[in-house]
Amino acid sequence: MSLIEKLGRLWNLRGLFFESLGYSLIIAFGAVVLGFIIGVLLAVVRIAPKNNPIIKFFDKIAVVYITVIRGTPTLVQLLILYSSVLVVFKSMSTNLLVPIIAFGINSGAYMAEIIRSGINSVDPGQMEAGRSVGLSWTTTMRKIIIPQAIKIVVPTIFNEIIILVKETSVVSYIVLRVGGVQKWDLLGIAEKLGLAVPACYLVFLFAAALIYLAVVMLLTLIQHLIERRLKKNER
Amino acid sequence: MNDNYIEIKGLYKNFGKLEVLKGVSCNIKKGEKVAIIGASGSGKSTMLRCMNLLETPTYGEVWVDGKLLTPIDPYLHFDVIRLSKTYQKLYTEAIASGTSSEEVDKAVIANIKKNDLLKNHEGSAYAKAIKQLYKQNFQQVDLSRRDMGMVFQHFNLFNNLTVLENMTLAPVELKLKTKPEAEKTAMELLHRIGLEDKAKVYPSTLSGGQKQRIAIVRALAMDPQVMLFDEPTSALDPEMVGEVLDLVKQVADAGMTVVIVTHEMGFAKEVADRVLFMADGVILEEGTPDELFNHPKNARTKDFLSKVL
């Protein structure tokens, strides 16, 4: 089979690749949203003044969470969650939520540390100024500190998002189901096709790699646009 | 009632092992202009920041407009001390030896204060008295801060908001004014300092002097009762000091209560009704500008003034 023929065959399979890309992106998007929410909550708990026992308690939980999640491999976490869900529910016709939650929980720990460092790098005078005009800690956080922290952490958050998008490729270790039918993520489909046509395995892998690269380049572009937009708000 | 707006009683502030304030008391009357001077590290900024609780005092009480902002410090309330088990024990012991009751009372209280003898459990009468005092007088500091404008050495304008938003955020967020009302007030204030054209810009485009003048009118936009200035010109280029001091003077002349921590001795002399000289965490000397600058009594004050004047 000539290279041209191989590429022609690959083009005929584009539908399968794009469908799989869709699942990869759904998982990544869901995980980013979940991870960001978890990250903001954990970061705020970590940073809140420790003047009441409830916050102290949640702070301890946050520390344990971040330590455990950052201390174990993503793939292990995914397999633990996937197997636990199998034990509890036996079978699920649609299980996209499993990787979304696994990656979201994982990313949340990293986002928490990113956002916490962002909040810490905002000049403490900003909080003092907010408090001095009578605003509460929470309002000052929401209106003054978080918006400035977000600006600081945009590059690092995008770094985390890019890592997350690529890391979704480990879902090929579990069986994805949508409406009772098995589906594959981007790496998963390349491997499946490679098993069927071993001669083209490398081509399929390259195809998957190129698609990941395109997605990441698009994300980088979005990052630059956001950074430029945020910068405009300062002058 | 008295006409003191701010009362600081027996204030101590420790940062870890470092004692910054070592028992400071002072009253600021309504309408009074008070300048606080002293070398760096003397505790003057810390004392000012205790007035609106940006620093939490370790011991002592802060009262603003008749409201208590800190927990009760039992050592400041003799009636409360008298209810404590420790007092009653010491008093009974002392009275048995036969001195007059009034003297014993004084001695026992002095002893308790000096040696920090009050314990965690001093009986229910004592606990109840503290609780009641607190309940009667305590006010959330956020409420008092609305009446106390603060101006910082490093301006601390909100970097993510325009000048106008800087000035309207708190009044609108705290529902003291509607947005149009707050914007109208803000524009009037900006007009007064000649910076209306800066309403829509972000703080990063302003000069230090402009930033500080806007920080001052941001505080004024809350219609405060008192303005606290924490070295408002220390971070400015020399050519911008004048414009900021002019505005501070305007604020003072308008009848506002003003407390200013400053290194500008000429300004303190000109504007203040009363000058406090601080050193090593205590107020060493206070008086009118004439008394303090022209006839200082304390050797430390003389020494300090000879260095800065």
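The notes below deal with the structure included here. (Residues numbered from 1 in each chain as written. Chains lettered and ligands numbered in written order. Predicted model: local features only at pLDDT ≥ 70, side-chain atom pairs only at ≥ 80, totals over all residues. Heavy atoms only, no water.)

## Structural notes on the overall build of chain B
- Scanning chain B from terminus to terminus reveals 13 helices and 10 strands.
- Within the span of chain B, comprising 309 residues, buried residues form 53% of the whole.
- Accessible surface, chain B: about 14,700 Å² in total, of which carbon and sulfur atoms supply 51%. (Helix = DSSP H or I, 4+ residues; strand = E, 2+ residues; numbered from the N terminus. Buried < 20%, exposed > 50% of the residue type's maximum accessible area, 1.4 Å probe, protein only. Areas by Shrake-Rupley, 256 points an atom, 1.4 Å probe, with all protein chains shown as cover.)

## Concerning the pairing of strand β7 (residues 226–230) of chain B
Residue and element names in this part refer to chain B.
- In terms of burial, β7 is a largely internal element, five of the five residues being buried.
- Burial along β7 is two-sided: Val226, Leu228 and Asp230 and Met227 and Phe229, pointing in opposite directions, are all buried.
- Relative to β7, strand β6 (residues 148–151) runs parallel, the two sharing four bridges. Counterpart to valine 151 in the pairing with β7 is phenylalanine 229. (Pairing = 2+ DSSP bridges.)

## Focus on the sheet that holds strand β4 (residues 59–64) of chain B
All names here are of chain B.
- If you walk across this open sheet you meet the four strands as β2-β1-β4-β5, and the pairing is antiparallel. With partners counted over all chains shown, the strands left at the sheet margins are β2 (18–29) and β5 (67–68), one partner each.
- Alignment of β4 against β5, held across two bridges, turns out to be antiparallel. By the bridge assignment, valine 64 is partnered in β5 with lysine 67.

## With respect to the packing of aromatic side chains
- For the coordinates displayed, the defined rule picks out six aromatic pairs over all chains.
- If you follow B:Arg218 out to its NZ or CZ, it ends over the ring of B:Phe158, 4.4 Å from the centre. (Phe/Tyr/Trp six-rings, centres within 6.5 Å; stacked < 30°, edge-to-face > 60°. Lys NZ or Arg CZ within 6 Å of the ring centre and 35° of its normal.)

## What about the side chain of B:Gln210?
Residue and element names in this part refer to chain B.
- Here glutamine 210 is to be found in helix α9 (residues 208–220).
- Separated by 3.0 Å, the side chain of glutamine 210 and the backbone nitrogen of serine 207 make a polar contact.
- When sequence neighbours within four positions are dropped, the list of residues in contact with glutamine 210 reads Leu195, Lys198 and Glu243. (Polar contact = N/O pair within 3.5 Å; in protein donor to acceptor, adjacent residues only side chain to side chain. Contact = heavy atoms within 4.5 Å.)

## What to know about the environment of A:Ile105
Residue and element names in this part refer to chain A.
- Relative to the assigned elements, isoleucine 105 resides in helix α5 (residues 97–120).
- In this structure the C-alpha to C-alpha distance between isoleucine 105 and threonine 67, which are 38 residues apart in sequence, comes to 12 Å.
- Excluding residues that lie within four positions of it along the chain, isoleucine 105 makes contacts with Leu34, Ile38, Tyr65 and Ile69.

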